[in-house]
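Structural features, examined
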Amino acid sequence: MIAGAPDLLAEATGRLERLAAAAADGAYDAAIDLMVDAIDAGGVIQAFGTGHSQAFAMEMAGRAGGLIPTNGIALRDVVLFGNREPAALFGSELERDPNVVGELLRVTRIGEEDVFLIASNSGVNGSIVGLALAVKERGHKVIAVTSLEHTNSVEPQHPSGVRLAEVADVVVDNLAPRGDTTLTIADGVGVGAVSSITGAFVAQLLTLGVAQRLADAGGTPPVYLSANVPGGDEHNRALQHLYRDRIRWSV
């Protein structure tokens, strides 16, 4: 049997339904609590991911419908704002290098009240675990978005011997399978990766939860409007100004 679009749709839909059910049951409330606490205290959400998990940070930071007090952190920052050469971005060397964390923190604006939202499907690479450990030492709370099935089936790569899920204060399972792929075609080749799909959904569930919590408390959720609708730029700039020293503007 040849795997096709209906098979992938079924795999993705099943996982999204499970994520939605978990949200309805309050599985993300602890993460939402930490994010709301940070915003209420004048802090921001620091979102970080490497590899394809960069997409999660992009889903959280600087997009229409997203929370303005969110700063996206990326490994490319050590090139754009630090001293690394562009060639360092090719391959997975930086992603696996625990020593890059010091450079990354030096070029990132971090406040005492900030909370860190770190995404990694495997949750074992050096930069991911290293950043989580470093900010925990500084007193920040860490929320991990990871595949529990995958991370628990592979060995940690950080010298500490721990996984992201073991460092974080709160863990959100993105429900991606080991190896990420959901379908098998000829000769056992795995295809149909879903972590980007489930990760984006988790990001939106967290954003929705935070915005609703802020609205329920009588406030106006600080979310971006699309820059491509009338008044969008003006709305965004006014709110961005409140966080001008805390976030890198990306819309």
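Computed from a prediction, not measured in an experiment: that's the story for all the values here.

What counts as what
Residues numbered from 1 in each chain as written. Predicted model: local features only at pLDDT ≥ 70, side-chain atom pairs only at ≥ 80, totals over all residues. Heavy atoms only, no water. Helix = DSSP H or I, 4+ residues; strand = E, 2+ residues; numbered from the N terminus. Rg over C-alpha atoms; globule rule 2.2 N^0.38 Å. Buried < 20%, exposed > 50% of the residue type's maximum accessible area, 1.4 Å probe, protein only. Areas by Shrake-Rupley, 256 points an atom, 1.4 Å probe, with all protein chains shown as cover. Polar contact = N/O pair within 3.5 Å; in protein donor to acceptor, adjacent residues only side chain to side chain. UniProt positions renumbered as here; feature names shortened; annotations may be inferred. Core = buried A, V, L, I, M, F, W, Y, C linked by side-chain atoms within 4.5 Å. Contact = heavy atoms within 4.5 Å. Salt bridge = Lys/Arg side-chain N within 4 Å of Asp/Glu carboxyl O.

Overview of the overall build of the chain
- A count of helical and extended segments in the chain gives 11 helices and seven strands.
- In terms of overall size, the chain behaves like a compact globule, its C-alpha atoms giving a radius of gyration of 18 Å where 251 residues would be expected to give roughly 18 Å.
- For the chain, with 251 residues in total, the buried portion stands at 49%.
- Of the accessible surface of the chain, which amounts to about 12000 Å², a share of 52% is contributed by carbon and sulfur atoms.

With respect to the side chain of S127
- By the secondary structure assignment, S127 is in helix α7 (residues 126–137).
- According to the relative accessible area criterion, S127 is buried, its value standing at 1%.
- Among the polar contacts made by the side chain of S127, one reaches the main-chain carbonyl oxygen of E95 at a distance of 2.7 Å.

Points about the UniProt feature "domain: SIS" (unreviewed entry) in the chain
- If you check UniProt for "domain: SIS" (unreviewed entry), the listed places come out as residues 35–220 in our numbering.
- The distance separating the terminal C-alpha atoms of residues 35–220 is 15 Å; by composition the span is 38% helix and 18% strand.

Examining the nonpolar core
- Among the nonpolar cores identified, the biggest contains 36 residues, and M35, F56, L117, I143 and L206 are the most heavily contacted of them.
- Within the residue set of this core, elements represented by two or more residues are α2 (29–40), β1 (45–49), α3 (54–60), β3 (115–119), β4 (142–146), β5 (170–173) and α10 (195–216).
- Ranked by the residues each element gives to this core, the list is headed by α2, at seven residues.
- In contact with M35, not counting residues within four places along its chain, are I45, M60, L67, V115, L117, I143, L206 and V210.
- Of all hydrophobic cores here, the second largest spans 24 residues; its members include V78, V100, F116 and L164.

Describing the pattern of salt bridges
- Counted under the stated rule, the structure contains nine salt bridges.
- Here R15 and E11 are joined by a salt bridge, their closest N and O atoms 2.6 Å apart. You can see R15 and its partner E11 sitting in helix α1 (residues 5–24), four residues apart, about one turn around the helix.
- With a relative accessible area of 13%, R15 lands in the buried category.
- A relative accessible area of 26% places E11 in the partly exposed class.
- Where D97 meets R84, a salt bridge forms, and the shortest distance between an N and an O atom there is 3.6 Å. Here R84 lies in the loop between α4 (77–80) and α5 (93–96) and D97 lies in the loop between α5 and α6 (100–106), a separation of 13 residues in the sequence.
- A network of salt bridges, in which partner residues are shared, links R84, D97 and E103.

Considerations on unusual backbone geometry
- For D180, which is not glycine, the phi torsion reads 80 degrees and is therefore positive.
- With respect to the element layout, D180 can be found in the loop between β5 and β6 (181–185).
- Owing to a relative accessible area of 14%, D180 belongs among the buried residues under this scheme.
- Backbone geometry at D187 places phi at a positive 60 degrees, although glycine is not the residue there.
- Inspection of the secondary structure puts D187 in the loop between β6 and β7 (189–193).

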